Amino acid sequence: MNMQHNGTGEAPSGGQSRFEILFEDNHLLGIVKPVNIPVQEDATGDPDLLTLLKEDIKERYNKPGNVFMGLVHRLDRPVGGAMIFAKTSKAASRLSDSVRTHAFRKVYLTVVHGKPPASQGRLVNTLLKDAKSNTVSIVRKGTPGGKEAILDYTVLGTAEGYSLLKIDLLTGRSHQIRVQLNGIGCPLFGDQKYGAAVNRPGQQIALWSAVVGFPHPVTKEDIELISLPPQAHPWDLWPQQVQKQAIR
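This write-up is about the structure you can find in this document. Please read all numbers here as calculations on a predicted model, not as lab measurements.

## A look at the overall build of the chain
Here's step 1: In terms of regular secondary structure, the chain is built from four helices and twelve strands.
Here's step 2: Computed over its C-alpha atoms, the radius of gyration of the chain comes to 18 Å, within 12% of the 18 Å expected for a compact globule of 248 residues.
Here's step 3: In terms of its C-alpha atoms, the chain occupies a principal-axis envelope of roughly 50 × 45 × 35 Å.
Here's step 4: The buried share of the chain, reckoned over its 248 residues, is 47%.
Here's step 5: Expressed as a percentage of contacts within the chain between residues at least 6 apart in sequence, the contacts between residues at least 24 apart total 61%.

Quick look at the structure:
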């Protein structure tokens, strides 16, 4: 049975959370990640999601001592949408196994400049990360340190020189969607790092984690967390129903 969770913002037990909760039980916490918050502590020293979630659980459940919160997957700082966290080390280990065995499904929605060469396709590249500049580039296969990156895309619509895409992410490389789409001449709307030539400073990147699917680490039930991007420009160039139908 596939259980879909669309979020109410209300925790199933405990007090009201400051985050929009998609799913919560004793083992897992699924939320909508707010944009422009780092998932983990970084060099900026800004508040990070892991720390904020631990504080949130302490407050809601009046928990003494330390709170465990396991990070299973990541989203870039400017990106928002569905994320799952583990509340126990056992759940974290089993979810990590799901990621490794490709039983962990990730679907994104994005708006890009221009239009891909085909209405749907698969992009396969070798990506190399430069840790110093925190940038990723496409390199030749066999390049030392390079990692294979694979995604499938589907064009859901075009408007005003932009395309709305559904992305099925088959590998989880750093900046993968941003770099691979830029590599076919379709930089993401608002991407300051890989689309600076066509985006204005201050624009919010149009990349959203729409679906996170996985087998529950304890009950084995198929869980699917669903989150839609805010109805603001450029997302509102298309009816929200188009996005809903695409990620079903």
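## So, helix α3 (residues 176-183)
Here's step 1: Of all eight residues making up α3, six are buried, and the element is well covered by its neighbours.
Here's step 2: Three or more residues of α3 are buried, namely Gln176, Ile177, Arg178, Val179, Gln180 and Leu181.
Here's step 3: Immediately downstream of α3, the backbone of Gly185 shows phi near 80°, a positive value.

## Examining the environment of Ser96
Here's step 1: Position of Ser96 relative to the elements: it lies in helix α2 (residues 89-100).
Here's step 2: Owing to a relative accessible area of 24%, Ser96 belongs among the partly exposed residues under this scheme.
Here's step 3: On a C-alpha basis, the gap between Ser96 and Leu128 in space is 23 Å, while along the polypeptide they are 32 residues apart.

## Topic: the packing of aromatic side chains
Here's step 1: Counted by the stated rule, this structure contains two aromatic pairs.
Here's step 2: Aromatic pair Phe104 and Phe214: ring centres 5.9 Å apart, planes at 15°, arrangement stacked. Of this pair, Phe104 sits in the loop between α2 and β6 (105-113) while Phe214 sits in strand β11 (residues 207-215), placing them 110 residues apart in sequence.
Here's step 3: For the pair Tyr162 and Phe189, a centre-to-centre distance of 5.5 Å together with 80° between the ring planes defines the contact as edge-to-face. One end of the pair, Tyr162, is in strand β10 (residues 162-169); the other, Phe189, is in the loop between α3 and β11, with 27 residues separating them in the sequence. Each of the two residues, Tyr162 as well as Phe189, counts as buried.

## A closer look at unusual backbone geometry
Here's step 1: With omega at 5°, the peptide bond leading from His233 into Pro234 counts as cis.
Here's step 2: Along the chain, the position of Pro234 falls in the loop between β12 (222-226) and α4 (240-246).
Here's step 3: Within the chain, Asn36 stands out as a residue other than glycine whose phi angle is a positive 65°.
Here's step 4: Along the chain, Asn36 turns up in the loop between β3 (28-33) and α1 (49-61).

## Some thoughts on the side chain of Arg60
Here's step 1: Within the element layout of this structure, Arg60 appears in helix α1.
Here's step 2: Relative accessible area serves as the criterion here: at 8%, Arg60 is assigned to the buried category.
Here's step 3: Of note is the side chain of Arg60, whose polar atom sits 3.4 Å from the side chain of Tyr61.

Scoring rules and cut-offs
Residues numbered from 1 in each chain as written. Predicted model: local features only at pLDDT ≥ 70, side-chain atom pairs only at ≥ 80, totals over all residues. Heavy atoms only, no water. Helix = DSSP H or I, 4+ residues; strand = E, 2+ residues; numbered from the N terminus. Rg over C-alpha atoms; globule rule 2.2 N^0.38 Å. Buried < 20%, exposed > 50% of the residue type's maximum accessible area, 1.4 Å probe, protein only. Contact = heavy atoms within 4.5 Å. Phe/Tyr/Trp six-rings, centres within 6.5 Å; stacked < 30°, edge-to-face > 60°. Polar contact = N/O pair within 3.5 Å; in protein donor to acceptor, adjacent residues only side chain to side chain.

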